[in-house]
Amino acid sequence: IAIHYEHTDEKKVVYIYIKRRGNAHYEPWLVRAPSALLARVGAHGMGLYAARRFKPEDIIGKYEGTVVNTYESREHALDSPLVHSVARHGANKLRLMRSPGGGWDVINGDGAPLPNLSLVNDPHGTRFHANVHVSEWGYMRATATIPPFDLTKPLDQNIGSELKDSYGDEFWQIHSRLGTREVPLEV
């Protein structure tokens, strides 16, 4: 649901609601808005914020997307020409997760359905720390207390509410190799 928010160019943010098992009503869960974290490093993009207070170990959701391919090991996935090709073509929401059938799936979170967990950004290169973690099975949990988004404050004052996850060395390894002799940008 789009909610008026004076502190963005679009003058709105999008609230994502869920209906938890045993509950008769939907409740605010997450907020999709421009990322205050990315703005701090001079980049632009969307982020996800807590719409309610999360405490450590609260499950936020399951990371979803399109399975790029399944590999027998993490190492095979990281060395895969297909994974490098997908990354070369702009996919920056890739995650390795255990496959239900065994092995490891490379999941592309671009265009993932609500709650859009692929919009959670990495605090890499900032003074901020991750406040969520995605398990090897794809479940995102809070690792710290995360306060709710405050509609009366600008985005930079809501940065504590923004969900932040360390993408891990594997992600940065793939993306830092792009454009090198090892993984050229040309197809």
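Residues numbered from 1 in each chain as written. Predicted model: local features only at pLDDT ≥ 70, side-chain atom pairs only at ≥ 80, totals over all residues. Heavy atoms only, no water.

## What to know about the pattern of salt bridges
Pairing of side chains with opposite charge becomes possible as their charged atoms draw close.
Then comes step 1: Counted according to the given criterion, the structure contains 8 salt bridges.
Then comes step 2: With a shortest N-O distance of 3.8 Å, Lys 93 and Asp 110 are connected by a salt bridge. A residue pair is termed long-range when its members are at least 10 positions apart, and Lys 93 in the loop between helix 3 (81-88) and strand 7 (94-98) and Asp 110 in the loop between strand 8 (104-108) and strand 9 (132-134) qualify at 17 residues.
Then comes step 3: Between Arg 95 and Asp 165 there is a salt bridge, with its nearest N and O atoms 2.3 Å apart. On the criterion of sequence distance, the pair formed by Arg 95 in strand 7 and Asp 165 in the loop between strand 10 (139-142) and helix 4 (169-177) is long-range, its members being 70 residues apart.
Then comes step 4: Exposure remark for Asp 165: the relative accessible area of 2% places this residue in the buried category.
Then comes step 5: Linked through salt bridges whose partners overlap, the residues forming this network are Arg 52, Lys 55 and Asp 58. (Salt bridge = Lys/Arg side-chain N within 4 Å of Asp/Glu carboxyl O. Helix = DSSP H or I, 4+ residues; strand = E, 2+ residues; numbered from the N terminus. Buried < 20%, exposed > 50% of the residue type's maximum accessible area, 1.4 Å probe, protein only.)

## Brief notes about the nonpolar core
Then comes step 1: One finds Leu 30, Leu 48, Phe 54, Ile 60 and Leu 163 to be the most contacted residues of the largest nonpolar core, which totals 19 residues.
Then comes step 2: The set of elements that each furnish at least two residues to this core consists of strand 3 (27-34), strand 4 (46-50), strand 9 and strand 10.
Then comes step 3: If sequence neighbours within four positions are ignored, Leu 48 has contacts with Ile 16, Leu 30, Val 31, Arg 32, Pro 115, Asn 116, Leu 117, Leu 119, Val 120, Ser 161, Glu 162 and Leu 163.
Then comes step 4: One finds Val 13, Val 31, Tyr 49 and Ile 159 within the second-largest nonpolar core, a separate group that totals 13 residues. (Core = buried A, V, L, I, M, F, W, Y, C linked by side-chain atoms within 4.5 Å. Contact = heavy atoms within 4.5 Å.)

## Let's talk about the sheet that holds strand 8
Then comes step 1: As summarised here, the arrangement of the 3 strands in space is 6-8-7, forming an open sheet in which the pairing is antiparallel. Only two strands of the sheet have a single partner each, and these edge strands are strand 6 (66-71) and strand 7. Neighbour to neighbour, the strand axes of the sheet diverge by 25 degrees on average, direction disregarded.
Then comes step 2: Judged from the 5 bridges that link them, strand 7 and strand 8 form a sheet pairing that is antiparallel. (Pairing = 2+ DSSP bridges. Axes fitted to C-alpha atoms, helices over the stretch in contact; angles between N-to-C directions.)

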